Amino acid sequence: MSLPAPFDRLRLPIIGSPLFIVSGPELVIAQCKAGIIGSFPSLNARPQSLLDEWLHQITEELAKHNRENPDRPAAPFAVNQIIHKSNDRVDADMASCEKWQVPMIITSLGAREEVFQAVTNWGGITMHDVINDRFARKAIEKGADGLIPVAAGAGGHAGTLSPFALMQEIREWFDGLVALSGSIAHGQAVLAAQAMGADFGYIGSAFIATKEANADQRYKEGIVEGRSDGIVYTNLFTGVHGNYLRSSIENAGMDPDNLPESDPSKMNFGSGGNTKAKAWKDIWGSGQGVGAITAVDTVADYVDKLEREYNAAKADLAAKTGPSGWKS
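Read on for a plain summary of the structure. Predicted model only: the values in this text are computed from it and were never measured.

## Some remarks on the overall build of the protein
Step number 1: Assigned secondary structure in the protein consists of eleven helices and eleven strands.
Step number 2: Each principal axis of the C-alpha distribution contributes one length, and for the protein these read about 60 × 45 × 40 Å.
Step number 3: Of the roughly 14200 Å² of accessible surface on the protein, 50% is carried by carbon and sulfur atoms.
Step number 4: Charge centroids of the protein, computed over 30 positive and 39 negative side chains, lie 2 Å from each other.

So, in structure tokens, the structure goes:
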């Protein structure tokens, strides 16, 4: 679908996904200045009063950039709200977002009508994480503007469905905004997401390995060294199934091939996890697309690389599917 303003001024159709602990103002501002949507979880700002300072900083720095670069304006930003009973900050965080008129709210782990309506009231857009078609329908029924299908291979909390199956089912009935998540780290994958019907590619793990990310250097190096067969899918650490770097699980003294199941009723996103080794801090989330990441770069350099890959993929696809028909 055609993107509404100000989302129609993106350099590339990409949303940088909110990364627990890792995403902060420096990363978000760099992403937006590079021409893609940057985002962060509101819970990264601790204590809660810090969220207001972050939103002030992001808003002012992006406005300054736009004044100085009218021909190359920054992309808008987004804030992730974890709508889960263990998160007692939702109302306060939403009030801060309303104060700063956040352009996009990304909701996950729960769909609440009043949250979606509040964002609509201030003129923002809501995107909701889903792992299957049933949850997608519920989110739209409750008022979400768009969907983020989290397919197999996505970093952190992730589903198990093929992106082909998930996108096909959703596009049978929904023509609104969709950002596809799952192993997207290369410009070719962004174009592939569009070919399947998505408006955006949703990229997370690759941005961990950037200089602006608030991540341990060992974590960044783990992303660079990682491959798809080094990702472990488990619900042990938060109660929700997710993908993590095998090396971080081994470094915590656990056997990645023999992890117990967690009790989902003990989920606690305020504490960071259910085990002594905490998710995100000690156990590092990562998607299966890490094989495309070969160095720790600045956000600007990585987005430049994505643009080159995306344009090359478009040219290659056009050559294969031009007027003369498909050819190998």
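## Let's talk about helix α6 (residues 163-171)
Step number 1: Here α6 has its buried residues at Leu166, Met167 and Ile170. The buried residues of α6 occupy an angular sector of 95 degrees when projected down its axis, which confines them to one face.
Step number 2: Each element contacted by the buried residues of α6 is listed here: β5 (125-130), α5 (133-141), β6 (146-149) and β8 (177-181).
Step number 3: One side-chain oxygen of the residue at the start of α6 lies 3.1 Å from the amide nitrogen of phenylalanine 164, identifying that residue as serine 162.

## Brief notes about the layout of surface pockets
Step number 1: Of the voids in this model, the largest pocket is the one considered here, and its volume is about 1000 Å³.
Step number 2: Counting residues per element, the ones that place at least two in the lining of the largest pocket are β3 (77-82), β5, α5, β7 (156-157), β9 (200-203) and α8 (205-208).
Step number 3: Its residues placed into classes, the lining of the largest pocket shows 26 nonpolar, 20 polar and three charged.

## Examining helix α9 (residues 217-225)
Step number 1: Every buried residue of α9 is listed here: Tyr219, Lys220, Gly222 and Ile223. Seen end-on, α9 carries its buried residues on one side only, within an arc spanning 155 degrees. Exposed and facing more than 90 degrees away from the buried side of α9 are Arg218 and Glu225.
Step number 2: Where α9 is buried, its residues contact α8 and β11 (242-245).
Step number 3: The N-cap residue of α9 is aspartate 216: its side-chain oxygen and the backbone nitrogen of arginine 218 are 2.7 Å apart.

## What to know about the pairing of β8
Step number 1: A large share of β8 lies buried, amounting to five of its five residues.
Step number 2: Neither face of β8 is left uncovered, since the one carrying Leu177, Ala179 and Ser181 and the one carrying Val178 and Leu180 both have all their residues buried.
Step number 3: By the bridge criterion, two bridges tie β6 to β8 in an arrangement that is parallel. Within β8, the position partnered with leucine 147 by the bridge is valine 178.

## Here we look at the side chain of serine 248
Step number 1: Relative to the helices and strands, serine 248 is located in helix α10 (residues 246-251).
Step number 2: A polar side-chain atom of serine 248 sits 2.8 Å from the main-chain carbonyl oxygen of leucine 245.
Step number 3: At a separation of 3.0 Å, a polar atom in the side chain of serine 248 contacts the main-chain amide nitrogen of tryptophan 284.
Step number 4: What serine 248 contacts, discounting residues up to four positions off in sequence, is Asp282, Ile283 and Trp284.

## Some points on the packing of aromatic side chains
Two aromatic rings are characterised by how far apart their centres lie and by the angle between their planes.
Step number 1: Under the counting rule described, the total for this entry stands at five aromatic pairs.
Step number 2: On the basis of an interplanar angle of 85 degrees and a centroid distance of 5.3 Å, the ring pair of phenylalanine 207 and tyrosine 302 is categorised as edge-to-face. In this pair, phenylalanine 207 is assigned in helix α8 and tyrosine 302 in helix α11 (residues 299-320), connecting sequence segments 95 residues apart. Note on accessibility: phenylalanine 207 and tyrosine 302 belong to one class, buried.

## Notes on the sheet that holds β11
Step number 1: Pairing is antiparallel across the open sheet formed by three strands, whose spatial order is β7-β11-β10. The open sheet terminates on both sides in strands that have one partner only, identified here as β7 and β10 (231-234).
Step number 2: As judged from the two bridges shared by β7 and β11, these two strands associate in the antiparallel manner. Residue pairing in the sheet places histidine 157 in a bridge with glycine 242 of β11.

## Re the sheet that holds β9
Step number 1: Pairing within the open sheet is parallel, and its eight strands lie in the order β1-β9-β8-β6-β5-β4-β3-β2. Either end of the sheet is taken by a strand with one partner, and the two such strands are β1 (14-16) and β2 (38-41). Strand-to-strand twist in this sheet, taken as the mean axis angle between neighbours without regard to direction, amounts to 25 degrees.
Step number 2: Here β2 runs beside β3; their pairing, made up of four bridges, is parallel. Looking across to β3, one finds that phenylalanine 40 is bridged to valine 79.
Step number 3: Contacts from helix α3 (residues 90-99) reach β3 and β4 (104-108), with the element oriented near 165 degrees to β3.

The rules we used
- Residues numbered from 1 in each chain as written.
- Predicted model: local features only at pLDDT ≥ 70, side-chain atom pairs only at ≥ 80, totals over all residues.
- Heavy atoms only, no water.
- Helix = DSSP H or I, 4+ residues; strand = E, 2+ residues; numbered from the N terminus.
- Areas by Shrake-Rupley, 256 points an atom, 1.4 Å probe, with all protein chains shown as cover.
- Lys, Arg positive; Asp, Glu negative; His and termini not counted.
- Charge placed at Lys NZ, Arg CZ, Asp CG, Glu CD.
- Buried < 20%, exposed > 50% of the residue type's maximum accessible area, 1.4 Å probe, protein only.
- Arc of directions from axis to C-beta.
- Contact = heavy atoms within 4.5 Å.
- Polar contact = N/O pair within 3.5 Å; in protein donor to acceptor, adjacent residues only side chain to side chain.
- 1 Å grid on protein atoms, 1.4 Å probe; cavity = no way out; pocket = protein on both sides within 12 Å on 5 of 7 lines; lining within 4 Å.
- Points joined across faces, edges and corners; volume = space filled by probe spheres on them.
- Nonpolar A, V, L, I, M, F, W, Y, C, P; charged D, E, K, R; others polar.
- Pairing = 2+ DSSP bridges.
- Phe/Tyr/Trp six-rings, centres within 6.5 Å; stacked < 30°, edge-to-face > 60°.
- Axes fitted to C-alpha atoms, helices over the stretch in contact; angles between N-to-C directions.

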